[in-house]
Amino acid sequence: MTHRTAPTARICPNCDGFATAAITTGSRDRRGHLRTITANCPACHGQGTVPARVREGARA
C-alpha cells in the first residue's frame, strides 16, 4: 500500500515568490506620506506560488 500526497505548490518562476510589490507614485498626501499602489504578479495573482506540475509519463 502506497500513501500518496497531493503535489505541493512551487514558487512562482515569474516573481520568485515576491508576488506583491508596493510602488510609489511620486506624490505625497496632506500629511507628507508617499502615496503607493500595489502591483500583483500576473502569473500567480499575488499568491507567490503556482500549482506543481505533473510530469508526463509519471505513474499515477
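Parameters and conventions
- Residues numbered from 1 in each chain as written.
- Predicted model: local features only at pLDDT ≥ 70, side-chain atom pairs only at ≥ 80, totals over all residues.
- Heavy atoms only, no water.
- Helix = DSSP H or I, 4+ residues; strand = E, 2+ residues; numbered from the N terminus.
- Buried < 20%, exposed > 50% of the residue type's maximum accessible area, 1.4 Å probe, protein only.
- Contact = heavy atoms within 4.5 Å.
- pLDDT = per-residue confidence, 0-100.
- Core = buried A, V, L, I, M, F, W, Y, C linked by side-chain atoms within 4.5 Å.
- Pairing = 2+ DSSP bridges.
- Disulfide = S-S within 2.5 Å.

K.L.:
How would you summarise the overall build of the chain if you had to cite specific residues and measurements?
P.N.:
When helices and strands are tallied, the chain shows 0 helices and 4 strands. The linear arrangement of helices and strands in the chain, starting from the amino end, is β-β-β-β. Out of the 60 residues in the chain, the part that is buried amounts to 12%. Considering only contacts in the chain between residues 6 or more positions apart, those separated by 24 or more positions represent 55%.

K.L.:
Help me get a handle on the confidence of the model for the chain, residues and values and all.
P.N.:
Residue-level pLDDT values for the chain average 84, and 77% of them are 70 or greater. Here strand S4 (residues 49–50) stands out as the element of the chain with the lowest mean pLDDT, 89, in contrast to strand S3 (residues 34–40), whose mean of 95 is the highest.

K.L.:
Can you lay out the nonpolar core for me, pointing to particular residues and giving the numbers?
P.N.:
In terms of nonpolar packing, the biggest core is built from 6 residues, these being Cys12, Cys15, Ala19, Cys41, Cys44 and Val50. Beyond its immediate chain neighbours, meaning those up to four positions away, valine 50 contacts Ala9, Arg10, Ile11, Cys12, Pro13 and Cys44.

K.L.:
Any chance you could break down the pairing of strand S2 (residues 20–28) for me, citing the residues and the numbers?
P.N.:
Looking along a regular strand, one sees the side chains alternate between the two faces of the sheet. Here 6 bridges tie S2 to S3, and the two strands are oriented antiparallel to one another. Pairing of isoleucine 23 across the sheet is with isoleucine 37, part of S3.

K.L.:
Explain unusual backbone geometry to me, using residue names and the numbers behind them.
P.N.:
Where the residue is not glycine, phi is negative for most of them; where a peptide bond is considered, it is trans in most cases. In this structure, aspartate 16 takes a positive phi of about 55° despite not being glycine. Looking at the secondary structure, you find aspartate 16 in the loop between strand S1 (10–11) and S2. Phi is positive for histidine 45, which is not a glycine, with a value near 60°. Mapped onto the elements, histidine 45 comes out in the loop between S3 and S4.

K.L.:
Please set out the state of the cysteines residue by residue, giving values where relevant.
P.N.:
Counted under the stated rule, the structure contains 0 disulfides. Free cysteine cysteine 15: the closest other cysteine sulfur is in cysteine 12, separated by 3.8 Å. Judged by relative accessible area, which is 13%, cysteine 15 ranks as buried. Cysteine 44 takes part in no disulfide bond, and the closest cysteine sulfur to it belongs to cysteine 41, at a distance of 3.8 Å.

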